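Understanding the architecture of this molecule
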Amino acid sequence: MKVSKCISQGCALTTGGNGHYEPVDCATCRGTGFKGRTGVFECVKFDVELSQVIATNVVEAELCRLIRSKGVNSLNAEALSKVSQGITSLDEAISVRWL
């Protein structure tokens, strides 16, 4: 889990045709461009298959492949989703080391 600042909806500005929002400043955010925080999560539901694979001391890359095959998004993918939804900025996602 990671926590990031949310773009203030009072002053969010879309940047050049990419659909991303960037913070500017307004009275709502006291000139910071951000208001509030949001979490980015990577939640894995353990099942029998996953438990068995972990018990075999599988390498990390194989474990990640199995988890992704079960539909769990990575922190990077979740962070990019927050950026594309206008919840946080690309710079903020990069600054907290998601990408």
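Shown above is the structure to which this text applies.
Residues numbered from 1 in each chain as written. Predicted model: local features only at pLDDT ≥ 70, side-chain atom pairs only at ≥ 80, totals over all residues. Heavy atoms only, no water.

1. Remarks on the overall build of the chain
A count of helical and extended segments in the chain gives four helices and four strands. For the chain, the sequential pattern of α-helices and β-strands runs β-β-β-β-α-α-α-α. Against the compact-globule benchmark of 13 Å for 99 residues, the chain has a radius of gyration of 17 Å, which places it well outside the compact range. When the backbone C-alpha atoms are referred to their principal axes, the chain occupies close to 55 × 25 × 20 Å. Classification of the 99 residues of the chain by burial places 28% in the buried group. The contacts of the chain with a sequence gap of at least 6 include a subset with a gap of at least 24, amounting to 55%. Total accessible area on the chain is roughly 6,300 Å²; 53% of this is exposed by carbon and sulfur atoms. (Helix = DSSP H or I, 4+ residues; strand = E, 2+ residues; numbered from the N terminus. Rg over C-alpha atoms; globule rule 2.2 N^0.38 Å. Buried < 20%, exposed > 50% of the residue type's maximum accessible area, 1.4 Å probe, protein only. Contact = heavy atoms within 4.5 Å. Areas by Shrake-Rupley, 256 points an atom, 1.4 Å probe, with all protein chains shown as cover.)

2. Focus: the environment of cysteine 6
Within the secondary structure, cysteine 6 is located in strand β1 (residues 2-7). Note: C-alpha distance between cysteine 6 and alanine 93 (87 residues apart in sequence) is 10 Å. Residues in contact with cysteine 6, not counting those within four places in the same chain, are Gly33, Phe34, Lys35, Gly36, Arg37, Thr38 and Ile87.

3. Some remarks on the packing of aromatic side chains
Here the structure, examined in full by the defined rule, presents zero aromatic pairs. The lysine or arginine in question, lysine 5, covers the ring of phenylalanine 34, its NZ or CZ lying 4.7 Å from the ring centre. (Phe/Tyr/Trp six-rings, centres within 6.5 Å; stacked < 30°, edge-to-face > 60°. Lys NZ or Arg CZ within 6 Å of the ring centre and 35° of its normal.)

4. A short note on the nonpolar core
In this structure, Leu50, Val53, Leu66, Ile67 and Val72 together form the largest nonpolar core, which totals five residues. Contributions of two or more residues to this core are made by α1 (48-55) and α2 (60-69). Residues within four places of leucine 66 in sequence aside, it is in contact with Glu49, Leu50 and Val53. (Core = buried A, V, L, I, M, F, W, Y, C linked by side-chain atoms within 4.5 Å.)

5. Details of a nonpolar patch on the surface
Together, Met1, Val3 and Phe41 give the surface a local cluster of nonpolar side chains, amounting to about 320 Å² of exposed area. With respect to the secondary-structure elements, valine 3 resides in strand β1. (Patch = residues over 30% accessible without salt bridge, like charges linked within 9 Å, V, L, I, M, F, W, Y side chains within 5 Å. Salt bridge = Lys/Arg side-chain N within 4 Å of Asp/Glu carboxyl O.)

6. A closer look at the side chain of serine 89
Tracing the backbone through its elements, the reader meets serine 89 in the loop between α3 (75-84) and α4 (90-95). Under the relative-accessibility criterion, serine 89 is labelled buried at 1%. In contact with serine 89, other than residues within four places in its own chain, are Ile7, Tyr21, Glu22, Pro23, Phe34 and Val83.

7. Looking at the state of the cysteines
For the structure on display, the rule yields zero disulfides. We note that cysteine 64 lacks a disulfide partner, and the nearest cysteine sulfur, in cysteine 43, lies 15 Å from it. Among the residues examined, cysteine 64 registers a relative accessible area of 32% and is labelled partly exposed. (Disulfide = S-S within 2.5 Å.)

8. As for the packing of α1 against α2
At their nearest, the axes of α1 and α2 sit 11 Å apart, and the two run at 175 degrees to each other. Considering their axes alone, α1 and α2 lie roughly antiparallel with respect to each other. In this structure, α1 uses Glu49, Leu50, Val53 and Ile54 to contact α2, whose residues at the interface are Leu63, Leu66 and Ile67. Considering only residue class, the contact of α1 with α2 consists of six nonpolar, no polar and one charged. (Axes fitted to C-alpha atoms, helices over the stretch in contact; angles between N-to-C directions. Parallel < 35°, antiparallel > 145°, perpendicular 65-115°, else oblique. Nonpolar A, V, L, I, M, F, W, Y, C, P; charged D, E, K, R; others polar.)

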